[in-house]
Amino acid sequence: MGVDNNQIITEVFNAFLHNSSLVGISEFSSGHINDTYFIQTEEQTDFVLQRINSDVFKNVPELVSNKVKISKHLASKVPHLTEQELRRAVLTFVPTLAGNYYHLDAQGNFWNLTYYIADSQSYDTVTHKEIAYEGGKLFGKFINDTSDFDAQQLVEIIPGFHDVPKRLQQFRDAKEKASDARLAEAKSLIERVQELQNEMVLLQQLKDNGDIPTRVTHNDTKISNALFNTDNSGLCVIDTDTVMPGIVHNDFGDAIRTICNTAEEDQKDLNLVNFNVAYYEAYLKGFLEELHDSLSDIEIAYLPLGAKTIIFIMGLRFLTDYLAGDVYYKTAYDMHNLDRAKNQFKLISSFEAQYEEIIKLSKSIHKEKQ
Ligand code: GN1
Ligand code: MG
């Protein structure tokens, strides 16, 4: 990071209302879209400053407004917490001196600031059943706590974000324009998309027909967006950029996609990529425990398809970006998006191989709950 960037970050940080003096800046490198910085202060209340990618998010003021509304709603559920406790349990946005929740800098970049949640941990891959269970409780609680919030008050910040027919159209467009070399590299995955596509549009059809209700959903429930206490109990859901109206299957599925993958999302050695059914069971249990009676039978019945569909969507999006020449996700090397896509399609194959067991588990946990 150059000096200029540090200077910009310092100026931007000082546009927010925090009465703190910056003493250190470091970058968190795990996100694929935004640039995220850890801001250390002399007062020892630290912050997370985020430069929001406005190529991806076309309407940042509305995105920030969505996030702040949801944080305020979640805060209203825990009125007994002190301010300090609340900042650990709910992602808390800091206003600017001008009274907004975002700052627009001289270069035209949008920023937002949240309190850093200290003494917490997050996971890119899960190695204990306990984390899968606690993750299920955290994301289940998120859905439950927002189930009385009118989803229509939120702007659909990326229209059709998890809409499979729309994602398939983007894939076909990218395929039309792709280089021969990339088409050749992606050949077997392109065939896989064709095999799976009819099954993968089903949830969107149920949503469009009104058979599955629209509710507030987070839409980026990968497990690294859940924070845990040092004893591994669930603490807080972060990264609410994509909070918008959606179906519960998106949030269920994206958490499963990351919790049950025995390897990281971009692991190249596909022998290491398998679907862990024991973690599926633990996650499902935690998720349904917190949801109490908020889910309908039809929503519950389609949870396994939700998991498969989200894995497919991510594989498809990584593949599309590879074909399009890596224009959307940050990549670290030439074949990064293709490796991510191969990883997701391997995960689908492993899911399919264990499908009967997954269905059996889903049915027995649902019964236990009744
Ligand atoms: C992106 O930037 P990050 O890591 O929060 C993406 C998600 C994908 C995820 C895959 C706005 O999220 O949809 O699931 O990468 N976010 C957007 O790791 O496209
Ligand atoms: Mg995100």
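Reading the values: the criteria
- Residues numbered from 1 in each chain as written.
- Chains lettered and ligands numbered in written order.
- Predicted model: local features only at pLDDT ≥ 70, side-chain atom pairs only at ≥ 80, totals over all residues.
- Heavy atoms only, no water.
- Pairing = 2+ DSSP bridges.
- Helix = DSSP H or I, 4+ residues; strand = E, 2+ residues; numbered from the N terminus.
- Salt bridge = Lys/Arg side-chain N within 4 Å of Asp/Glu carboxyl O.
- Buried < 20%, exposed > 50% of the residue type's maximum accessible area, 1.4 Å probe, protein only.
- Axes fitted to C-alpha atoms, helices over the stretch in contact; angles between N-to-C directions.
- Parallel < 35°, antiparallel > 145°, perpendicular 65-115°, else oblique.
- Left-handed = near helix turned anticlockwise from the far one by under 90°.
- Contact = heavy atoms within 4.5 Å.
- Donors = N, O, S within 2.8 Å, 3.2 Å for Na, K, Ca; no water.
- Near = heavy atom within 4 Å.
- Polar contact = N/O pair within 3.5 Å; in protein donor to acceptor, adjacent residues only side chain to side chain.
- Areas by Shrake-Rupley, 256 points an atom, 1.4 Å probe, with all protein chains shown as cover.
- Nonpolar A, V, L, I, M, F, W, Y, C, P; charged D, E, K, R; others polar.
- Core = buried A, V, L, I, M, F, W, Y, C linked by side-chain atoms within 4.5 Å.
- Expected span 1.5 Å × (residues − 1).
- Phe/Tyr/Trp six-rings, centres within 6.5 Å; stacked < 30°, edge-to-face > 60°.
- Lys NZ or Arg CZ within 6 Å of the ring centre and 35° of its normal.

Some thoughts on the sheet that holds strand 8 (residues 226-229)
- Judged by pairing direction, the sheet is antiparallel, and its three strands sit side by side in the order 6-8-9 without closing on themselves. With partners counted over all chains shown, the strands left at the sheet margins are strand 6 (120-121) and strand 9 (234-237), one partner each.
- Both strand 8 and strand 9 contribute to a ladder of three bridges, which runs antiparallel. Across the sheet, the residue bridging to Ala226 is Val237, located in strand 9.

Thoughts on the pattern of salt bridges
- Within the structure shown, the criterion is met by 17 salt bridges.
- Between Lys77 and Asp148 there is a salt bridge whose closest N-O contact spans 2.7 Å. Here Asp148 lies in the loop between helix 4 (129-145) and helix 5 (164-177) and Lys77 lies in the loop between helix 2 (60-76) and helix 3 (83-89), a separation of 71 residues in the sequence.
- With relative accessibility at 33%, the residue Lys77 sits in the partly exposed group.

Some details on the packing of helix 9 (residues 248-259) against helix 12 (residues 303-323)
- The contact between helix 9 and helix 12 brings their axes to 7 Å, and the two run at 70 degrees. In terms of orientation, helix 9 and helix 12 fall into the roughly perpendicular class. As helix 9 runs across helix 12, the sense of the crossing is right-handed. Here Val248, His249, Asn250, Phe252, Gly253, Asp254, Ile256 and Arg257 of helix 9 lie close against helix 12, whose contacting residues are Leu303, Gly306, Ala307, Ile310, Ile311 and Met314.

Re the coordination of the magnesium ion (ligand 2)
- Looking at the magnesium ion (ligand 2), the protein donor atoms are Asp220 (OD) and Asp239 (OD), and they sit 2.0 to 2.1 Å from it. With Asp220 in the loop between strand 7 (215-217) and strand 8 and Asp239 in the loop between strand 9 and strand 10 (244-246), this pair connects stretches of sequence that are 19 residues apart.
- Taking relative accessible area as the criterion, Asp220 reaches 19% and is therefore assigned buried.

Focus on the site of ligand 1
- Contacts to ligand 1 come from 17 residues, most closely from Asp220, Lys222, Glu265, Arg317 and Tyr328.
- Arg317 has a polar side-chain atom sitting 2.7 Å from an oxygen atom of ligand 1.
- Tyr328 is positioned with one of its side-chain polar atoms (N or O) 2.5 Å from an oxygen atom of ligand 1.
- When ligand 1 is considered free in solution it has 450 Å² of accessible area, and contact with the protein chains removes 95% of it.
- Secondary structure elements with two or more residues in the shell around ligand 1: helix 9 and helix 12.
- For the shell around ligand 1, the element with the most residues is helix 12, which contributes three residues.
- Partitioning the shell around ligand 1 into residue classes produces seven nonpolar, three polar and seven charged.

Details of unusual backbone geometry
- Here Asn19, not a glycine, exhibits a phi torsion of approximately 50 degrees, which is positive.
- By the element assignment, Asn19 lies in the loop between helix 1 (3-13) and strand 1 (22-28).
- Judged by its relative accessible area of 72%, Asn19 falls in the exposed class.
- Backbone geometry at Asp239 places phi at a positive 55 degrees, although glycine is not the residue there.

Concerning the nonpolar core
- Ranked by internal contacts, the top residues of the largest apolar core, which has 99 residues, are Phe275, Phe287, Phe312 and Leu319.
- Broken down by element, the residue count for this core peaks at 13 residues, all from helix 12.
- When neighbours within four sequence positions are excluded, Leu319 is seen to be in contact with Phe171, Ala186, Leu189, Ile190, Val193, Leu338 and Ala341.
- In terms of nonpolar packing, the next biggest core, distinct from the first, is built from twelve residues, Phe13, Phe16, Leu49 and Tyr115 among them.

Examining helix 2
- Here helix 2 spans 24 Å end to end across 17 residues, near enough to the 24 Å set by a 1.5 Å rise per residue.
- By the burial criterion, the buried members of helix 2 are Val60, Leu63, Val64, Asn66, Lys67, Val68, Ile70, Ser71, His73, Leu74 and Ala75.
- As for helix 2, its buried residues are in contact with strand 3 (47-52), helix 3, strand 5 (110-115), helix 4 and strand 7.

Some words on the side chain of Gln50
- Looking at the element boundaries, Gln50 is found in strand 3.
- Within polar-contact distance, the side chain of Gln50 engages the side chain of Thr36 at 3.0 Å.
- When near neighbours in sequence (up to four residues on either side) are disregarded, Gln50 contacts Asn34, Asp35, Thr36, Lys67, Phe110, Trp111, Asn112 and Asp241.

What about the packing of aromatic side chains?
- One pass over the structure, following the stated rule, counts 17 aromatic pairs.
- Aromatic side chains Phe275 and Phe351 sit 5.1 Å apart centroid to centroid with 85 degrees between the ring planes, which places their arrangement in the edge-to-face category. You can see Phe275 sitting in the loop between helix 9 and helix 10 (277-291) and its partner Phe351 sitting in helix 13 (residues 336-353), a full 76 residues away along the chain. Both residues of the pair, Phe275 and Phe351, count as buried.
- Within the aromatic cluster, the residues linked to one another by ring pairs are Phe252, Phe275, Tyr280, Tyr283, Phe287, Phe351 and Tyr355.
- A cation over an aromatic ring shows up here: Lys268 above the ring of Tyr333, its NZ or CZ 4.7 Å from the ring centre.

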